[in-house]
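# Coordinates in review
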Amino acid sequence: MNIALLYNVPPHRASPQRSRRCPVMEQCLQWALESRQDSGVWGGLSEDERRAMKRRAARNRARNATA
């Protein structure tokens, strides 16, 4: 799902606040993570927030693999 189609703005110009009102926010975030979108706001998260989310998930996977 491309937020630009919903709000007629390019993803790099979208705001997290605008995304939070989006009815497909979760699907948008999932798509962005699966397709490795590096720039813009997707699913209400900025690039930095998505990177932090990926790092936490990787740490959790590593922690669970050793447990």
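The structure we're discussing is the one just above.
Notes on the structure in this doc start here. (Residues numbered from 1 in each chain as written. Predicted model: local features only at pLDDT ≥ 70, side-chain atom pairs only at ≥ 80, totals over all residues. Heavy atoms only, no water.)

Helix and strand counts for the chain stand at four helices and zero strands. Overall, the chain shows an N-to-C arrangement of helices and strands of α-α-α-α. Counting over 67 residues, the chain shows a buried share of 28%. The long-range fraction of contacts in the chain, counting pairs at least 24 apart against all pairs at least 6 apart in sequence, stands at 28%. Surface accessibility of the chain: about 4900 Å² in total, with carbon and sulfur atoms responsible for 50%. (Helix = DSSP H or I, 4+ residues; strand = E, 2+ residues; numbered from the N terminus. Buried < 20%, exposed > 50% of the residue type's maximum accessible area, 1.4 Å probe, protein only. Contact = heavy atoms within 4.5 Å. Areas by Shrake-Rupley, 256 points an atom, 1.4 Å probe, with all protein chains shown as cover.)

This next bit is on the packing of helix H3 (residues 25–34) against helix H4 (residues 47–66). Interhelical geometry of H3 versus H4 gives an angle of 70° and a closest axis separation of 12 Å. Here H3 is positioned roughly perpendicular relative to H4, judged by the angle of their axes. Within the contact between the two elements, H3 uses Leu29, Ala32 and Leu33 and H4 uses Arg50, Met53 and Lys54. Among the residues forming the contact of H3 with H4, the class breakdown is four nonpolar, no polar and two charged. (Axes fitted to C-alpha atoms, helices over the stretch in contact; angles between N-to-C directions. Parallel < 35°, antiparallel > 145°, perpendicular 65-115°, else oblique. Nonpolar A, V, L, I, M, F, W, Y, C, P; charged D, E, K, R; others polar.)

It is worth spelling out the packing of aromatic side chains at this point. For any two aromatic rings, the description comes down to two numbers: the centre-to-centre distance and the angle of the planes. Tallied over the entire structure, the rule returns one aromatic pair. Each ring, one from Trp31 and one from Trp42, has its centre 5.2 Å from the other, and the planes form 50°; the classification is tilted. Of this pair, Trp31 sits in helix H3 while Trp42 sits in the loop between H3 and H4, and the two are eleven residues apart along the sequence. Under the relative-accessibility criterion, Trp31 is labelled partly exposed at 33%. According to the relative accessible area criterion, Trp42 is buried, its value standing at 3%. (Phe/Tyr/Trp six-rings, centres within 6.5 Å; stacked < 30°, edge-to-face > 60°.)

Keep in mind that these numbers describe shape and distance, not what the molecule does.
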